[in-house]
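# Per-entry structural report
Chain residues, written in single-letter form:
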Amino acid sequence: MSLFMELSCQHIHKAFQTQNGTIIALEDVTFRTKEKEFLCIVGPSGCGKTTLLKLIAGLLKPNSGEMIFHGEVSDHRSRTALVFQEHGLFPWMTVLDNVAFGLEIRGIRKKERHELAQTFVQKVGLSSFSHNYPHELSVGMRQRVGIARAFIADAPILLMDEPFGSIDAQTKRFLQEELLRLWKDHQKLILYVTHDIEEAVILADRILVMTGHPGRIREQISIPFSRPRDLYTRKSADLTEIKWHIWKILEDEVQKGLWIPD
Amino acid sequence: MAHLEDPRGRSAKRLMDTRLKDRPHLFLFHSEKWFAMGIVIAGLMAWEGGVRLGKISSLFFPAPSVILLTSIQLIMNGKLTTHLGITLWRVFLGFFLGGISGLILGLAMGWSRSLRMIVDPLIAAAHPVPKIAILPLIMILFGIGESSKIVVIAVATFFPMLINTVAGVRQIHPIHFEVAQNYGAGLNKILTRVIVPGSLPFVLTGARLALNMALLLAIAVELVSAQEGLGAMIWLAWQTLRTEELYVSLFVTAGLGVVFNFFLQRITLHLVPWQTEQRI
Ligand SMILES: Nc1ncnc2c1ncn2[C@@H]1O[C@H](COP(=O)(O)OP(=O)(O)OP(=O)(O)O)[C@@H](O)[C@H]1O
Ligand SMILES: [Mg+2]
């Protein structure tokens, strides 16, 4: 069980220098998380969602602004575990070694880390595949391996970048439930990027709606549904209303994108 | 925690089976191979018959049976094994020296952009030069003895190894580095767990090209400047018009190439179990 960690982003600015000038990816992004929250981030393509996760993971440095982890500004290592959309697994490692990677880095001995990894592989329902290589698994199975690897690392903050983006609807629902169960068991803060608005509403305690060019947080929406959420939640009128509300924000955004010349 | 089955209902066993099936079978001969063997045998028999009937000049094309006898003779009196041993020694030493330096510089260049920027133009200029052409220059520097031969072979192996290693490191998906970094991997772990395995398929391709190059150069160097080795044996046989011996040394040289490639393929299958499509 991980220590609870709170994250606060203060006035984050991030720009990329390219040959064709400067791209402002994020401008004045400020938000703070609540305890063990499931926070979803939605927004149009290119609004800086991936950039935001990479900043929090410490893979990029902001141009200005601060990220405060549990009250202190400091190095990000081992506080976050990132789950990528694709290509996140090492193709040259078996499922077991992929899952155990974080433990290996921490210097835990092979026998121990494999034992622990095996229990996590089991948790995501892949125990009979622990000695297979990623290319021998389906896309959905690979994402479960990525999730197991992130959970085992015991980082208090889990960053997920469209983890189920390229998975069919049925498998996706199944994986979402699996993820929620792991989240409940392991008490983590999850930042979950998706472009699927229904997915965000079903999963999240709160949703950050971002708009692009430059990327900003446009609105923060709390989701009132109790958990566990089931099929009826998916059908409820409230859900439709929230979805509609987010769609409106993004619609404006898309139109702005179309009508305002750069 | 509930134990969950894969929604597609595939079993690990089945996946393992397909993995094995995808591999080329190196030991089992397919019917195509039998066919090819048949053609070779038919050709040899026609050759033998042609010589016996006096239709083919036995000076230029000594009968296969004569070649076989000669090779047994050459093995028995130790001539062939000595020459073969010397060539093998040159090939392996040159391959080892050139390959290791190509590998190390290649990993470093793949990793460091600035090193790449500095070294790339030099490589681009030096690589296309046919390596046998620098033998005289090397001899001026290293003398006419053994070391200049090894150096030329090493130089020729160096380039394919270097170029493939650099490409191998460069094609590693950036996400793999980000994952390693995200989990707090240091340079050491990034090297051993990302760079080396990630570039390995390319490195092995480089090694295969390099080994072939080493054999090519060893023979070439021996043709022009040695008293011993398969290349020298070929040259001597030609000069004294002992064509049986010429054929024996040629076949042994060709056989060496085949054996090298066979072993490197086997090694690759063992070292790169995560790749199904073999790009060998
Ligand atoms: N390495 C980079 N160099 C230059 N520009 C970049 C780089 N990474 C991102 N950008 C720019 O920053 C902006 C935000 O990119 P980002 O990948 O964060 O978007 P996103 O919200 O994740 O989009 P998507 O939903 O399509 O994944 C884009 O305009 C992109 O062009
Ligand atoms: Mg993205």
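Each chain has its residues counted from 1, running along the sequence as written. Going through the entries in the order they are written, you letter the chains from A and number the ligands from 1. Reporting of local features is limited, given that this is a predicted model, to residues whose pLDDT is at least 70; pairs of side-chain atoms are given and counted only at 80 or more, and all residues count toward the totals for whole chains, interfaces and linings. Side-chain figures throughout are based on the complete set of non-hydrogen atoms in the structure, without hydrogens or water.

What follows is about the overall build of chain A. Only DSSP runs of H or I reaching four residues or more are called helices, and only runs of E reaching two or more are called strands; each is numbered from the N terminus. Tallying secondary structure elements over chain A gives nine helices and nine strands in all. The globule rule puts the C-alpha radius of gyration for 262 residues at 18 Å, and the 19 Å found for chain A is close to it. On the principal axes, the C-alpha backbone points of chain A span a range of 60 × 45 × 35 Å. Exposure categories follow from relative accessible area, calculated using a 1.4 Å probe and restricted to protein chains: below 20% of the type maximum is buried, above 50% is exposed, and the middle band is partly exposed. Counting over 262 residues, chain A shows a buried share of 56%. The size measure is the radius of gyration over C-alpha atoms, and the globule rule it meets is 2.2 Å times the number of residues to the 0.38 power.

Let us look at the site of ligand 1. Residues and elements named next belong to chain A. Contacts to ligand 1 come from Phe16, Thr18, Ile23, Ala25, Ser45, Gly46, Cys47, Gly48, Lys49, Thr50, Thr51 and Glu162. In this structure, lysine 49 approaches ligand 1 through a side-chain N or O atom, which is 2.7 Å from an oxygen atom. Here the Shrake-Rupley method, with its probe set to 1.4 Å, supplies the accessible areas, and only the displayed protein chains count as covering residues. Look at ligand 1: alone it shows 630 Å² of surface, and the protein chains cover 63% of it. Residue assignment for the shell around ligand 1 shows that the elements contributing at least two residues are strand S1 (7-18), strand S2 (21-32) and helix H1 (49-57). Of the residues forming the shell around ligand 1, the biggest block, three residues, is contributed by H1. By the convention adopted, Pro, Cys, Tyr, Trp, Phe, Met, Ile, Leu, Val and Ala count as nonpolar, Lys, Arg, Asp and Glu as charged, and the other residues, Gly among them, as polar. In terms of residue class, the shell around ligand 1 is made up of four nonpolar, six polar and two charged. When at least one non-hydrogen atom of a residue lies within 4 Å of a molecule or strand, that residue is treated as near it. For this analysis, a polar contact is any N or O atom pair within 3.5 Å, provided that within protein one partner can donate a hydrogen and the other can accept it, and provided that sequence-adjacent residues contribute only side-chain to side-chain pairs.

Attention now goes to the interface of chain A and chain B. On the side of chain B, 34 residues touch chain A, which itself brings 43 residues to the contact. Summed over both partners, buried area is the accessible surface (1.4 Å probe) that two parts give up on being assembled. For chain A, the biggest contributors to the area lost against chain B are Trp92, Ile105 and Glu136 of chain A; these three give 18% of the whole. Whenever Lys or Arg places a side-chain nitrogen within 4 Å of a carboxyl oxygen from Asp or Glu, that contact is recorded as a salt bridge. Joining chain A to chain B, the criterion identifies three salt bridges. The shortest N-O distance in the salt bridge between glutamate 104 of chain A and arginine 193 of chain B comes to 2.8 Å. Between the two partners, chain A and chain B, sit eight residue pairs in polar contact (both at pLDDT 80 or more). The set of elements that each furnish at least two residues to the side of chain A that touches chain B consists of H1, strand S5 (80-83), helix H3 (101-105), helix H4 (110-123), helix H5 (139-152) and helix H6 (169-186) of chain A. A per-element tally of the side of chain A that touches chain B places H6 of chain A first, with five residues. Looking at the side of chain A that touches chain B residue by residue, the classes come out as 18 nonpolar, 13 polar and 12 charged. Contacts were defined at the residue level, with two residues in contact if any of their heavy atoms lie within 4.5 Å.

This brings us to helix H2 (residues 31-52) of chain B. Residues and elements named next belong to chain B. Between its first and last C-alpha, H2 extends 32 Å over 22 residues, near the 32 Å set by a 1.5 Å rise per residue. Among all positions in H2, only Trp47, Glu48, Gly50 and Val51 are buried. Burial along H2 is one-sided: seen end-on, the buried residues are contained in an arc of 165°. Along H2, the residues that are exposed and aim more than 90 degrees away from the buried face are Ser31, Trp34, Phe35, Met45, Ala46 and Arg52. One less than the number of residues in a helix, times 1.5 Å, gives the span that helix is expected to have. The arc refers to the directions leading from the helix axis to the C-beta atoms.

Turning next to the environment of valine 221 of chain B. All names here are of chain B. Turning to its location among the elements, valine 221 is positioned in helix H9 (residues 187-225). C-alpha separation for the pair valine 221 and glutamate 146, spaced 75 residues apart in sequence, amounts to 11 Å. For valine 221, the residues in contact, after removing those within four places along its chain, are Ile132, Leu135, Lys149, Val152 and Ala226.

The subject of this paragraph is the sheet that holds strand S3 (residues 38-42) of chain A. Residue and element names in this part refer to chain A. Taken together, six strands build an open sheet; the order of strands is S5-S6-S7-S3-S8-S9 and the sheet is mixed. Edge positions in the open sheet fall to S5 and strand S9 (216-222), since each of these has one partner strand only. Going from strand to strand, the sheet's axes swing by 20° on average, the running direction of each strand aside. Paired strands, as defined in this entry, are two strands with at least two bridges between them according to DSSP. Here S5 runs beside strand S6 (residues 157-161); their pairing, made up of four bridges, is parallel. Across the sheet, residue threonine 80 finds its bridge partner in S6, namely isoleucine 157. Note on geometry: axes are C-alpha line fits, over the in-contact stretch for helices, and angles between N-to-C directions span 0 to 180 degrees.

Residue and element names in this part refer to chain A. Either an automatic procedure or a domain database provided the assignment from which the domain bounds are taken. Under the domain assignment, chain A is made up of domain 1 (1-74 + 157-165 + 187-255) and domain 2 (80-154). Measuring from the centre of the C-alpha atoms in domain 1 to the corresponding centre in domain 2 gives 25 Å. Listed per partner, the contact involves 18 residues of domain 1 and 11 residues of domain 2. Among the residues domain 1 hides against domain 2, the three largest losses belong to Leu158, Leu159 and Lys188. Together they make up 33% of the total.

Residues and elements named next belong to chain A. When you line up the elements, isoleucine 190 lands in strand S7 (residues 189-193). Accessibility expressed as a relative area gives 0% for isoleucine 190, which makes it buried. Look past the residues within four positions of isoleucine 190 in its chain and what remains in contact with it is Glu37, Phe38, Leu39, Phe151, Leu158, Met160, Leu179 and Trp183.

Right, let's get into the pairing of S6 of chain A. Residues and elements named next belong to chain A. Most of S6 sits out of view: five of its five residues are buried. Going residue by residue along S6, you find Ile157, Leu159 and Asp161 tucked away on one face and Leu158 and Met160 tucked away on the opposite face as well. Here S6 pairs with S7 via five bridges, running parallel. Bridge pairing in S7 places methionine 160 opposite tyrosine 192.

Among buried residues, the Ala, Val, Leu, Ile, Met, Phe, Trp, Tyr and Cys ones that are joined through side-chain atoms within 4.5 Å form a nonpolar core. One finds Phe31, Ile56, Leu191, Ile207 and Ile246 of chain A to be the most contacted residues of the largest nonpolar core, which totals 103 residues. For this core, the element with the most residues is H5 of chain A, which contributes seven residues. Looking at this core, you find at least three residues from each of domain 1 (1-74 + 157-165 + 187-255) and domain 2 (80-154) of chain A. Aside from chain neighbours lying at most four places away, what touches phenylalanine 31 of chain A is Leu7, Ser8, Cys9, Leu39, Leu52, Ile56, Leu191, Leu208, Ile217 and Gln220 of chain A. Judged by nonpolar contacts, the second largest core, of 32 residues, contains Ile153, Val221, Met233 and Val248 of chain B.

Glancing now at the side chain of glutamate 162 of chain A. If you trace the backbone, glutamate 162 of chain A turns up in the loop between S6 and H6. The residues contacting glutamate 162 of chain A, other than those within four sequence positions of it, are Lys49, Gln85, Val193, Thr194 and His195 of chain A.

The next thing to look at is the packing of aromatic side chains. When the centres of two rings from Phe, Tyr and Trp lie within 6.5 Å, Trp using its six-membered ring, the rings pair. Their planes under 30 degrees apart give stacked, over 60 give edge-to-face, and anything left gives tilted. For the structure on display, the rule yields 12 aromatic pairs over all chains. With 6.2 Å between their ring centres and 45° between their planes, tyrosine 247 of chain B and phenylalanine 251 of chain B make a pair best called tilted. Of this pair, tyrosine 247 of chain B and phenylalanine 251 of chain B both sit in helix H11 (residues 243-271), four residues apart, roughly one helical turn. The class of tyrosine 247 of chain B is buried, set by a relative accessible area of 15%. Three or more aromatic residues link up through ring pairs in this structure, and these residues are Phe38, Phe164, Trp183 and Tyr192 of chain A. Only Lys NZ and Arg CZ are tested; either one counts as a charge over a ring when it is within 6 Å of the ring centre and within 35 degrees of the ring normal. Directly above the aromatic system of phenylalanine 120 of chain A lies the positively charged group of lysine 123 of chain A, at a separation of 4.6 Å from the ring centroid. Note that lysine 131 of chain B overlies the ring of phenylalanine 159 of chain B, its terminal NZ or CZ placed 4.8 Å from the centroid.

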